[in-house]
Amino acid sequence: MDSLQAARYPFLSGSAQYAEENSADVVSLMSSPSYESARKRGLERVLSAISQHKVSDVSLLQEYDRLMEILSYPYARMIVSCINDRFLTKRYALAEASRMNDLLSNDRGSEIAVAEELEVRSTVSTDGMMSMHFSDYLRFSHVMRAVEWKLINTDLKGGFVRLSPDKFDRLLQNALQERIESELPLNVPDEFRRALRADTDRVGMVLSETKMKLSPTGGEGMKQDYLPPCIKAILASAQNGVNLSHSARFALVSYLNALGLTYEQIIGLFAQSPDFDESKSSYQIKHITGEERGGEGYTPPECSTMKTNGICFDPDNLCATINHPLSYYRIKSGNTLKREEDV
């Protein structure tokens, strides 16, 4: 494989082969002074993913630079795996996928190679248009909400959807993001975790600071005056001993968890109910917040879902301008920063 292509798209199987041909192995990557540049670049990949949503650019003019770029990719993945945080994993996967999209826009010759690596069935026409099998198209376009991405609005012929290169690349971005998220966390050996400790500690600190800034409460704790009418109503019902529906309980707990409340704080609110059942509430809360599963909690439902489930209560004028209950809290509190999962 061409070394430039291998460095630009380090997730390609040919990139790993290129590293092996240059006698680079993971043990040396973790400890050898010769690969310090790769380790620094790997850390940079993760930090820029957190702060910029994209992997920053570097010069790839020299063969040495290209090898370091290739090796930085597995190093970055090990950092993310050691931390094993859903927010970080999703943001890192998005950053790597967005970088690939940007590169492909100026490198049309690599699109088919990337598609093959991602197991996306595709072809390129003589007129420059790309084609993707409709089943792959459906798989990677379902997150695109614009009407133009609906299958009925595409040019479908012989089981393949004809696409402009830009749209094709955008779907490959989704494919790579999904691939990376499914692959992480890796099983990182203990000796590698020890070697990564300084870098994982640094990433962990930056991650905590970023989460604090992006929190709807800005790290200041929940203030009930900022809660949207729907959450206020559900919370009042819970505290008055009303038997909540599954959708209402899920919305309330996931919302409080997204605000940064701990398990103890959430169950404390439920404990105000006259018929509080600690064992039952504990199980449900831990499941929704992810504590029982050892992962991140579920994302609170959007306003449209709240309406569908019949738990959109007493909407006010502000409710008419938003599409997610978390946005209500941010606007009321003056903290208008948004997490990409919320909208």
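From a predicted model like this one, the values you see are computed outputs, not experimental measurements.

### Overview of the sheet that holds strand 3 (residues 155-157)
- Taken together, the 4 strands give an open sheet; going across it, the order is 1-2-4-3, and neighbouring strands pair in antiparallel fashion. Of all the strands in the sheet, the pair left with one neighbour each is strand 1 (122-124) and strand 3. For this sheet, the mean inter-axis angle between neighbouring strands, taken without regard to orientation, is 30°.
- Note that strand 1 and strand 2 (residues 130-133) share 3 bridges and pair antiparallel.

### A few points about the packing of aromatic side chains
- Inspection of every chain in the model, using the stated rule, returns 4 aromatic pairs.
- Considering the side-chain rings of Y137 and W149, the 6.5 Å spacing of their centres and the 25° angle between planes classify their relative orientation as stacked. In this pair, Y137 sits in helix 8 (residues 134-141) while W149 sits in the loop between helix 8 and strand 3, placing the two residues 12 residues apart along the sequence.
- Of the residues examined, Y137 reaches a relative accessible area of 1% and is grouped as buried.
- On the numbers, 5.6 Å between centres and 90° between planes, the contact of Y226 with Y329 is edge-to-face. With a gap of 103 residues between them, Y226 in the loop between helix 11 (197-214) and helix 12 (229-239) and Y329 in helix 17 (residues 325-333) connect regions that are remote in the sequence.

### Considering the packing of helix 5 (residues 63-83) against helix 6 (residues 86-104)
- Orientation of helix 5 relative to helix 6, taken along the N-to-C sense of each, is 160°, at an axis distance of 10 Å. Classed by the angle they form, the pair helix 5 and helix 6 counts as roughly antiparallel. Like other packed secondary-structure pairs, helix 5 and helix 6 cross with a definite hand, here left-handed. Each of E69, Y73, A76, R77, V80 and I83 in helix 5 lies in contact with helix 6, whose residues at this interface are L88, T89, Y92, E96 and R99.
- Within the contact of helix 5 with helix 6, the residues separate by chemical class into 6 nonpolar, 1 polar and 4 charged.

Reading guide: rules and limits
Residues numbered from 1 in each chain as written. Predicted model: local features only at pLDDT ≥ 70, side-chain atom pairs only at ≥ 80, totals over all residues. Heavy atoms only, no water. Pairing = 2+ DSSP bridges. Helix = DSSP H or I, 4+ residues; strand = E, 2+ residues; numbered from the N terminus. Axes fitted to C-alpha atoms, helices over the stretch in contact; angles between N-to-C directions. Phe/Tyr/Trp six-rings, centres within 6.5 Å; stacked < 30°, edge-to-face > 60°. Buried < 20%, exposed > 50% of the residue type's maximum accessible area, 1.4 Å probe, protein only. Parallel < 35°, antiparallel > 145°, perpendicular 65-115°, else oblique. Left-handed = near helix turned anticlockwise from the far one by under 90°. Contact = heavy atoms within 4.5 Å. Nonpolar A, V, L, I, M, F, W, Y, C, P; charged D, E, K, R; others polar.

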